[in-house]
Amino acid sequence: MHWPSPTELATPAFIVLVIIEMVAARYLHRGEYEARDTATSLMMGFGSAIFGALFAFVFIAFAGFVWKFRLATIGWSWAALVVCFVLDDLAYYCWHRASHRVRWLWADHVQHHSSQHYNLSTALRQPWTGFLTPGLVFRAPLFLIGFPLPMIVFVHGVNLVYQFWIHTEAIDRFPRWVEAVMNTPSHHRVHHAVNARYLDANYAGVFIIWDRMFGSFVAETKDDPPRYGIVGNLASYNPLKVALHGWVSLASDLARARSPREAALYLFAPPGWSPDDSRDTSDKIKARWAAFRTAQFPAE
Amino acid sequence: MNVLYLAGSLIGVAMIVGLNLVLFGRAKPALGNVQDVGARIAADIPGFRAGPGIVGNDGAMALVTDNAECTIFLIKAFGDRLVTRKLSRGMVRSVSADGSTLSLRLKDFTLQQARIVLDSEAAARDWETRLKALAA
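Residue numbers here run from 1 along each chain, matching the order of that chain's written sequence. Each chain takes a letter, starting from A, and each ligand takes a number, starting from 1, following the order in which they are written. Restriction of local features to residues with pLDDT of at least 70 applies here, the model being predicted, together with a cutoff of 80 or more for giving and counting side-chain atom pairs; totals for whole chains, interfaces and linings are based on all residues.

**What to know about the overall build of chain A**
By definition, any uninterrupted DSSP run of H or I lasting at least four residues is a helix, any uninterrupted run of E lasting at least two residues is a strand, and each is numbered from the N terminus. If you tally the helices and strands in chain A, you get 14 helices and 0 strands. Taken from N to C terminus, the helices and strands of chain A fall in the order α-α-α-α-α-α-α-α-α-α-α-α-α-α. What the globule rule says is 2.2 Å times the number of residues to the power 0.38, and the radius of gyration is computed from C-alpha atoms. Against the 2.2 N^0.38 benchmark of 19 Å for 300 residues, chain A shows a C-alpha radius of gyration of 20 Å, consistent with a compact globule. The dimensions of chain A, computed from C-alpha atoms along their principal axes, are 60 × 55 × 40 Å. Buried, partly exposed and exposed are defined by the number of other C-beta atoms within 10 Å of a residue's own C-beta, namely 20 or more, between the two limits, and 12 or fewer respectively, with C-beta atoms placed from the backbone. Taken over 300 residues, chain A has a buried fraction of 38%.

Structure representation (structure tokens):
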């Protein structure tokens, strides 16, 4: 059976939707675009497609190896497709959460968060260096269960296509039942925000239920509009610098590690960890913000 | 993925960026005054209390002290947004004043140099002294 590539099929729609959103941002004032930021995001998407194709063999080799140890051999059926889609979304949640909490994975994923804008072009700001991380491990359970590789690739493609349209400020909220189950623009704005209250939240791909189940859900509030980007925002539009800055920073820290334990913590501890506690992790920022809020508004 | 797909993608990128320029123009950097800059930093850093500061003549870069922690923040206009750096010890490689121009070299992959043209040579010397204390 031939499985189409959802992302390749959706590319023309991506372009049309970016144009529609850009016009809406200009004339209806719903969202913001900046030309150099847009160019960087789109070139990151272009580069990501190239690096993805160049290093696809790593994914195929890994999948082929894990597949040998599968518990069952699952054939094509609609039920299998639906179950595979849901489990792939759970695997995505786990990978995404780890990508924000483990420096090694963050060195790659930070590229997607590096824009201070939040629009459909931001969705295309994809990392180039996934092959340098152990991110594939999160997909291993799907292979071990016995879902075929083409089915897993297909449902993951559908998942990524879904995530494209939620990168927008043009849509406010959906009816409550939609917001309760699905990842929406409102939920994902929170995920991209650097406001202390929003840090490390809403890791969902398609179903926000994972965040609600595992305690990482935070709702968007009108009195604290999201500000986007990363804690130390980049001062460059150069796609190569965007792709490498996380790795340069990690390599620099590893080079100055004074023991294997320190090196391991630089790799696996949350971004911002340092041996002398001189830097800020998201946990420290949130704790400081909470203490500040309590001092300012003791009644809350 | 084939060459046609890649070429089509690049043409799409060029079209979208061109449309972006037509619709929005090119963002002009403008930091406003020291109070404006302080307010922007305070939005990101709970407890930040802006002390003395200075905005470069072109409105593209500023230095603001944090009264709460006795540190200095560098703020750079970046497109239609801002980039902020806390100039903590070890972050500043070197600082020099040449006339009314203050030049900083930073340990930062995407912000390695900063050049701020101030109103007077005295102002540049004053901020050079403050920043050299951090670089030491």
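Next comes the rest of the account.
**Side note on the sheet that holds strand β5 (residues 92–98) of chain B**
The pairing of strands in a sheet happens through backbone hydrogen bonds and is either parallel or antiparallel. Residue and element names in this part refer to chain B. Taken in spatial order, the 3 strands make up an open sheet running β5-β6-β7, and their pairing is antiparallel. Looking at the sheet topology across the chains shown, the edges are occupied by β5 and β7 (113–117). Strand-to-strand twist of the sheet, defined as the mean angle between neighbouring strand axes without regard to direction, takes the value 15 degrees. Whether two strands pair comes down to DSSP finding at least two bridges between them. Relative to β7, strand β6 (residues 101–106) runs antiparallel, the two sharing 5 bridges. Each bridged residue has a counterpart across the sheet, and for S103 the counterpart in β7 is R115. Orientation is described by lines fitted to C-alpha atoms, with helices fitted over the stretch in contact, and by angles between N-to-C directions that extend from 0 to 180 degrees.

**Digging into the sheet that holds strand β1 (residues 50–55) of chain B**
All names here are of chain B. The strand order across the open sheet formed by 4 strands is β1-β2-β3-β4, and the pairing between neighbours is antiparallel. Where the open sheet ends on each side, the last strands, each with one partner, are β1 and β4 (81–86). Each adjacent strand pair in this sheet contributes to an overall mean axis angle of 20 degrees, direction not counted. Pairing between strand β2 (residues 61–66) and strand β3 (residues 71–78): 6 bridges, direction antiparallel. Bridge pairing links V64 to F73 in β3. In the packing of helix α2 (residues 34–44) onto the sheet, contacts are made with β1, β2, β3 and β4, and the angle to β1 comes to roughly 125 degrees. Residue pairs are scored as contacts if the distance between their C-beta atoms, which are placed from the backbone, is within 7 Å.

**Focus: the nonpolar core**
Membership of the largest hydrophobic core comes to 56 residues, with the highest contact counts inside it found for B:I41, B:A62, B:V64 and B:I75. Of all the elements, β3(B) adds the most residues to this core, at 6 residues. Setting aside residues no more than four positions away along its own chain, B:A62 makes contact with B:L31, B:V34, B:V37, B:G53, B:I54, B:V55, B:G56 and B:I75. A:L105, A:I152, A:F207 and A:W210 belong to the second largest nonpolar core, which has 25 residues in total. Buried Ala, Val, Leu, Ile, Met, Phe, Trp, Tyr and Cys residues form a nonpolar core when they are connected through C-beta atoms within 7 Å.

**So, the interface of chain A and chain B**
Listed as interface residues are 32 residues of chain A and, on the opposing side, 27 residues of chain B. Contributing elements (two or more residues each) for the side of chain A that touches chain B: α1 (6–28), α2 (35–54), α12 (239–256) and α14 (282–296) of chain A. Among the elements that take part in the side of chain A that touches chain B, α2(A) stands out by supplying 10 residues, more than any other. All amino acids are sorted into three groups, where Ala, Val, Leu, Ile, Met, Phe, Trp, Tyr, Cys and Pro are nonpolar, Asp, Glu, Lys and Arg are charged, and the leftover types, Gly among them, are polar. Among the residues making up the side of chain A that touches chain B, the classes are represented as 19 nonpolar, 6 polar and 7 charged.

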